[in-house]
Amino acid sequence: MDRIFSAFNNHTPGCAVGVAQEGKVALKSGYGMADLERNVPISADTVFESGSVAKQFTATALHLLAQQGKLSLDDPMRKYLPELPDYGAPLTIRHVLSHVSGLREWRLIASFAGMAEGTRVLSNQDLLQIAAKQRALNFDPGTAYSYTNTGFNIATILVERVLGNGKTFQDFTREQIFEPLQMVHTRWRDDFRAVVANRALAYAPSESGAWIQATPIENIIGAGGMLSTVGDWLLWNENFTHGRVGGQELVKALQTPATLASGKTIAYAAGLSVDTVDGLREVSHGGATGGYRTWLGRYPDRGVSIAVMCNAANANPGQLGRDTARLWTGSVAANRPSIQLDAATLEKLAGMYRKLRDNTVVELEAKDGKLTIDGRLELAPLGEGKFAAGESEFLFERKGGFRQATPNGDTLFERVEPAHPSDSELAAFAGQYESRETGSTLTVAAKGGEITLAVASNGPVRLRPTFRDAFMLADRSGSSVRFLRDAAGKVTGLSAGDDRVWDLRFHRIQSP
């Protein structure tokens, strides 16, 4: 264990780790520092923020209300949240719990509304207002998978409206989940100003390499925002064995993967991912918010649970957790058989590719006998036109594109020619654009061979040209902008997108 967590010491943030076997705690330990300024080390009882590991608890709250007859998981979200638009096809609670709702992620929308995450204190009510303005979904509910926090966040408001007795989501989960399981260190961060004993601050490495604080300043809960310890999370995982909360009905429901309208079953269940890792069934979820990184996993066939909580943004708790799990399960990391491809074959695949659904791009580079994406992710060749990285397979088509296949569905990419727009071509995009879905105005300016985009009164961000009429924001947000033209070729608007918001439209209201 010391070897696995050797990157963390008394000069760095770090992690707490907990292991249980057959319901008994086998290990709880801390590595690194909870507070670098005050020289406080991480212990087994240090409180961290959950990130998205919290989703399974929000899913549990909704399942418990269904068991109590207070709602049906197949009820439309609009039944309790009438602020949401009618999208035609019903958008149900069950859709939300498996990320097949089509709801757009709030973060990109907030950014294009001039209130990017971290610039102001947002609450779940703010996110409901953002969702209420959206006139479109990424897709018809139930037809595809797209991870989104929005539904889990606004589901906390739904819970409170269903209860209708003045109890908060915090009250309900404490009484129905945390107290019965004796999770005494667990609560929701619904007021970031609250004093929480033994809480670790979160950190991220700066460009200079020094640590800077990255503790979230927000009152958003449900999709994340849980405060807990590794010990409490092990108690929760044990509930999947004894079912003290919700019984075996809940245990089964949370772990049943969703099925799309096409009949395809995906890996995501209800706030949990169910997959096979190292030949063993794994039920798990990771989390990331601010500088916190977390992972909670179970291996039911071996009776092993692992909880990892870190306060360093560059930590990889999933890898740390699986490396830890192998010590107790006896499993061995699976190695895919890889073949060697000649440089000419790899070079033919190199180039720029756009993701069809959101216009973001990736660049494949062939160098030193390896094929990488954006110079970071190495693709291991499995055969001609077939590669792998992590849980994904990359299947290249003869038409010049590729398909990224994952346990939750496929994503299509097509090869595009990199664009090098002239000053006059850039000038054609300049002007102001607005959207009712964000309530904001964007100002696009072209000068000195560069083009920038400013949201409301915020400072401008440079746009990096990708393919024709398309750009990526140069602020590391991973967001794309593609300008739209009418039949005559005149620029009439733009579409902003990323992995979780596929087509956020702005129409042009003013030309230079």
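Residues numbered from 1 in each chain as written. Predicted model: local features only at pLDDT ≥ 70, side-chain atom pairs only at ≥ 80, totals over all residues. Heavy atoms only, no water.

Asker: For the sheet that holds strand β20 (residues 402-406), give the residues involved together with the corresponding values.
Answerer: Sheet architecture is closed into a barrel: eight strands sit in the order β14-β15-β16-β17-β18-β19-β20-β21, paired in antiparallel fashion. Each adjacent strand pair in this sheet contributes to an overall mean axis angle of 30 degrees, direction not counted. For strand β18 (residues 386-389) and strand β19 (residues 392-396), the ladder comprises four bridges, and the chain directions are antiparallel. In the strand pairing of β19, Lys 386 is matched with Leu 395. (Pairing = 2+ DSSP bridges. Helix = DSSP H or I, 4+ residues; strand = E, 2+ residues; numbered from the N terminus. Axes fitted to C-alpha atoms, helices over the stretch in contact; angles between N-to-C directions.)

Asker: Pulling in residues and values, what's your account of the nonpolar core?
Answerer: The biggest cluster of nonpolar side chains holds 66 residues, and the ones touching the most others in it are Phe 57, Leu 62, Leu 71, Met 77, Ile 93, Leu 158 and Trp 236. The biggest single contributor to this core is helix α5 (residues 150-163), with eight residues. Once you skip the residues sitting within four places of it in the chain, Leu 158 turns out to touch Leu 62, Leu 71, Met 77, Tyr 80, Leu 81 and Ile 93. Counting 30 residues, the second-largest nonpolar core is a separate cluster that includes Leu 108, Leu 122, Leu 453 and Ala 496. (Core = buried A, V, L, I, M, F, W, Y, C linked by side-chain atoms within 4.5 Å. Buried < 20%, exposed > 50% of the residue type's maximum accessible area, 1.4 Å probe, protein only. Contact = heavy atoms within 4.5 Å.)

Asker: I'd like a rundown of the pattern of salt bridges, residues and numbers included.
Answerer: Scanning the entire structure with this criterion turns up 32 salt bridges. Residue Arg 174 is joined to Asp 171 by a salt bridge in which the shortest nitrogen-to-oxygen separation is 3.4 Å. Of this pair, Arg 174 and Asp 171 both sit in helix α6 (residues 169-178), three residues apart, which is roughly one turn of that helix. According to the relative accessible area criterion, Arg 174 is partly exposed, its value standing at 32%. We note a salt bridge from Asp 503 to Arg 505, for which the minimum N-O separation is 2.7 Å. Overlapping salt bridges bring together Lys 355, Arg 357, Asp 358 and Asp 499 as one network. (Salt bridge = Lys/Arg side-chain N within 4 Å of Asp/Glu carboxyl O.)

Asker: Let's hear about the pairing of strand β22 (residues 431-435): which residues, and what values?
Answerer: Side chains Gly 431, Tyr 433 and Ser 435 of β22 all project onto a buried face; the interleaved residues Gln 432 and Glu 434 project onto a face where none is buried. In this structure, β22 lies alongside strand β23 (residues 440-447), joined through five bridges in antiparallel fashion. Its bridge partner lying in β23, Gly 431 is registered against Val 444. The sheet contact formed by β22 and strand β29 (residues 504-510) spans three bridges and is antiparallel. The partner of Tyr 433 across the bridge, within β29, is Arg 508.

Asker: So what's going on with the side chain of Asp 469? Which residues, and what values?
Answerer: Relative to the helices and strands, Asp 469 resides in the loop between β25 (461-465) and β26 (470-473). Of the residues examined, Asp 469 reaches a relative accessible area of 11% and is grouped as buried. Discounting chain neighbours no more than four positions away, the residues touching Asp 469 are Phe 429, Val 481, Arg 482, Phe 483 and Arg 485.

Asker: Describe α5, and please don't skip the residues or the numbers.
Answerer: Under the 1.5 Å per step criterion, the end-to-end length of α5 is 21 Å for 14 residues, consistent within 8% with the ideal 20 Å. Where α5 bends most, the angle comes to about 25 degrees, and this point is Thr 156. Here α5 lies mainly inside the structure; 12 of its 14 residues are buried. Here α5 has its buried residues at Thr 150, Gly 151, Phe 152, Asn 153, Ile 154, Ala 155, Thr 156, Ile 157, Leu 158, Val 159, Val 162 and Leu 163. Those residues of α5 that are buried are in contact with α1 (55-67), α2 (93-97), α3 (106-112), α4 (124-132) and α6. (Expected span 1.5 Å × (residues − 1). Bend = angle between axes of the 7 residues up to and from the residue.)

Asker: Could you give an account of the packing of aromatic side chains, with specific residues and numbers?
Answerer: Under the defined criterion, the tally for this structure stands at 19 aromatic pairs. Among the aromatic side chains, those forming a connected cluster through ring pairs are Tyr 353, Phe 387, Phe 394, Phe 396, Phe 402 and Phe 413. The cationic tip of Lys 55 hangs over the ring face of Phe 152; the distance from NZ or CZ to the ring centre is 5.7 Å. (Phe/Tyr/Trp six-rings, centres within 6.5 Å; stacked < 30°, edge-to-face > 60°. Lys NZ or Arg CZ within 6 Å of the ring centre and 35° of its normal.)

Asker: Explain helix α7 (residues 230-242) residue by residue, including any values.
Answerer: Two residues of an α-helix separated by three or four positions point the same way, owing to the 3.6 residues in each turn. Here α7 contains 13 residues, and its C-alpha end-to-end distance of 19 Å stays within 8% of the 18 Å for a straight helix at 1.5 Å per residue. Among the residues making up α7, those that are buried are Val 230, Gly 231, Asp 232, Trp 233, Leu 234, Trp 236, Asn 237, Asn 239 and Phe 240. Residue Gly 243 follows α7 closely and has a positive phi angle near 60 degrees.

Asker: Residues and numbers for the packing of α7 against helix α8 (residues 247-254), please.
Answerer: Two measures define how a pair of helices packs: the angle their axes make with one another and the distance between the axes. Running from N to C, α7 and α8 cross one another at 110 degrees; their axes reach a closest spacing of 8 Å. Classified by the interaxial angle, the pair formed by α7 and α8 is roughly perpendicular. In this structure, α7 contributes Trp 236, Asn 239, Phe 240, Thr 241 and His 242 to the contact, and α8 contributes Gln 248, Leu 250, Val 251 and Leu 254. (Parallel < 35°, antiparallel > 145°, perpendicular 65-115°, else oblique.)

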